[in-house]
2 protein chains.
Amino acid sequence: MSHKPAIILVHPQLGENIGMCARAMLNCGLTDLRLVAPRDGWPSDKAVAASSGALEKGVTAQVFDTTQEAVAGFHYVIATTARPRDMVKTVYTPHGAADSIWQRADRGEKTAILFGAERSGLTNEDVALANAVVTIPLNPDFTSLNIAQAVLLVSYAWRAARDETATSATARGDSPAATHDEITALVARLEDEMDKGGFFRSPELRPTLVRNLTALFMRTDMTSQEVRTFHGIISALTRSIEK
Amino acid sequence: MSHKPAIILVHPQLGENIGMCARAMLNCGLTDLRLVAPRDGWPSDKAVAASSGALEKGVTAQVFDTTQEAVAGFHYVIATTARPRDMVKTVYTPHGAADSIWQRADRGEKTAILFGAERSGLTNEDVALANAVVTIPLNPDFTSLNIAQAVLLVSYAWRAARDETATSATARGDSPAATHDEITALVARLEDEMDKGGFFRSPELRPTLVRNLTALFMRTDMTSQEVRTFHGIISALTRSIEK
C-alpha cells in the first residue's frame, strides 16, 4: 500500500479551523492529522463539532510540541506558503506537489504537508525543515485563503492526481438511449407531418432543413422514452390541426 | 475578453456561507455572484464580514427571485450536484467542467455555475434548467462538503485550467546559482583535504566515492554564497584538526 500524506498544522489557533481541516482531509480520503502546539489545546469540542463527523469517523489527530518532532519520521515534507521565502527550494503548484508525493509514496516513502497558523503562516524555521514548498497560484490581488480551504485545495489535488473519474460522461439514470433507427423514424414522421402542414414552401431548401433537423435530434442524445414522448407530441399537435 | 463564469447560489441559508463563497470566488478571480432568494435576506452584514473583504473589493452580488430568472441571460449553465439525478445530462468533474466553460467563453458565450442550498442542494427542477452537471469526485464514504468549499474547488479548477505557473520551479530569492566550476572546485578542495585527513584508505574505492560526492553536491543546486560558506566550513574544520 502506498502511503497517504499526513497533514501537519503548525500552531493552529481556532478549534473550528482544525475541525474544518479534518473535514476537508476526509473529503479527500486523508486521515493522518498532526497538530504542533495548538493554541487552544487538544482535544477540542469545537474542532469535533466543526469536523462534521470527520474527527469521529476517520481522521486521527496527534499532538506534538515542535515542528521538528512532528516531521521526524517522514521522508519528504512539503511546506505550504503563500509568499516566496528567501530560500532555495523547489516550489510546486498543488498539482506538482501531488505528483511528487505520489511518486515518493509509490517508493514507500512517508510524506507530509505542513500548514502554518491562520494569520501568520509558517515561520522561516518551519519552511527550512521542509524538502520543498507548495504555493497555490491564486488571484494575486486576493490571496487571503482560510486554512481549511488551503488544506482542501492541496488535498484535493492529491486525490485528483490518481482519480479515474471520466472528466465528462453522460448520465442517463435508468433510461436506455434511443437507437439511431428510433430517431431516424421520428424525424421521418415529423418531416411527413410538416409536409402535410405546408412547411416546405421551397423544395430546394428541403434537403438542408431535413438534414439540420436530423442533426439537432441526433445531438440531443435522446432516450427511447423521450422518442415515444415526442411521437405523442406530434400526434397531439396534428389532432389539434385537424379540429 | 472571454467571459468568466458567474456563480449562482440557489436559496443559500447563512450569510456567513455567502460571504465565504464570495471569498473563494475572488481567490480564483471570479466576481459575478448571483443569489436566488437568500433565506436571511440581502444585503447581509454577516456575509460582508465572512468575505474577508471580497464583497467590498471585487465581487458584486445580484439577487433574483427564481433560478429561471437568474440563469435567463446565460448560454451555458452547469449545476453542481453531489448525487446522480434521474436525468440524461453530461456529468463533468471540476476539471472537465472548467474545460467546457473555457471553450464556450472563448466563443463569447456567457456561462454560470449553480450551487444549491447548504443542506438540501439543488432541486431536480433547478438541475433540469442546467445544460450539464458537475460532480466533485470525493471520498465516497465522506462527501459532506461545505458550500464555500464546493465553490472553491470548482472555481479553482476553472482558474487552474488556464494558469501558466510551472508545476515545479526552483525559487532562489536573490541568491544566484553556483556555476559548475564553483561546485567542481569545492569538491576538489574537499577531496584534497579528505586525502590529507587519511579518508581514502582504499584507493580502488576512491573514484566511486568522489563521483558520488560530486553527484550529491551537484543535486543540491547550491548558490554561490552556499559554496563560499562551505569553503569556510572546510577551513574551520581543517583548522580545528591542526590545533
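Provided above is the structure to which this section pertains.
If you're wondering where the values come from, they're calculated on a predicted model, not measured in any experiment. (Residues numbered from 1 in each chain as written. Chains lettered and ligands numbered in written order. Predicted model: local features only at pLDDT ≥ 70, side-chain atom pairs only at ≥ 80, totals over all residues. Heavy atoms only, no water.)

Q: Is there a simple way to explain the packing of aromatic side chains in this structure?
A: Two aromatic rings are characterised by how far apart their centres lie and by the angle between their planes. Taken as a whole and assessed by the stated rule, the structure comprises six aromatic pairs over all chains. For the ring pair F217 of chain A and F230 of chain A, a centre distance of 5.2 Å and an interplane angle of 85° mean the geometry is edge-to-face. Placement of the pair is F217 of chain A in helix α8 (residues 206-219) and F230 of chain A in helix α9 (residues 224-242), with a sequence separation of 13 residues. Between F199 of chain B and F200 of chain B the ring centres are 5.3 Å apart and the planes differ by 75°, which places this aromatic pair in the edge-to-face class. (Phe/Tyr/Trp six-rings, centres within 6.5 Å; stacked < 30°, edge-to-face > 60°. Helix = DSSP H or I, 4+ residues; strand = E, 2+ residues; numbered from the N terminus.)

Q: For this particular structure, what's the right way to read the relation of the copies chain B and chain A?
A: By a simple turn and slide, chain B fits onto chain A: the slide is 0.0 Å along the axis, the RMSD is 0.2 Å, and the turn is 179°. Both copies of the chain, as the preceding transformation shows, are related through a two-fold rotation axis. Comparing contact sets, 98% of the residues at the interface of chain B also lie at the interface in chain A, consistent with an isologous, same-surface contact. (Least-squares fit on C-alpha atoms with pLDDT ≥ 70 in both. Contact = heavy atoms within 4.5 Å.)

Q: Before we go on, may I ask you to explain the pairing of strand β2 (residues 32-36) of chain A in this structure?
A: Two faces, one strand: in a regular strand the side chains alternate between the faces of the sheet. Residue and element names in this part refer to chain A. Counting buried positions over the five residues of β2 gives four, a clear majority of the element. Of the strand pairs in this sheet, strand β1 (residues 6-10) and β2 are connected by four bridges, and their pairing is parallel. Note that in β2 the partner of I7 across the bridge is L33. As a crossover connection, the stretch from β1 through helix α1 (residues 15-27) into β2 is right-handed. Pairing of β2 with strand β3 (residues 60-64) involves five bridges; the strand directions are parallel. (Buried < 20%, exposed > 50% of the residue type's maximum accessible area, 1.4 Å probe, protein only. Pairing = 2+ DSSP bridges. Right-handed = clockwise from strand over helix to strand, strands pointing away.)

So far we have only geometry, and geometry alone does not tell us how the molecule works.
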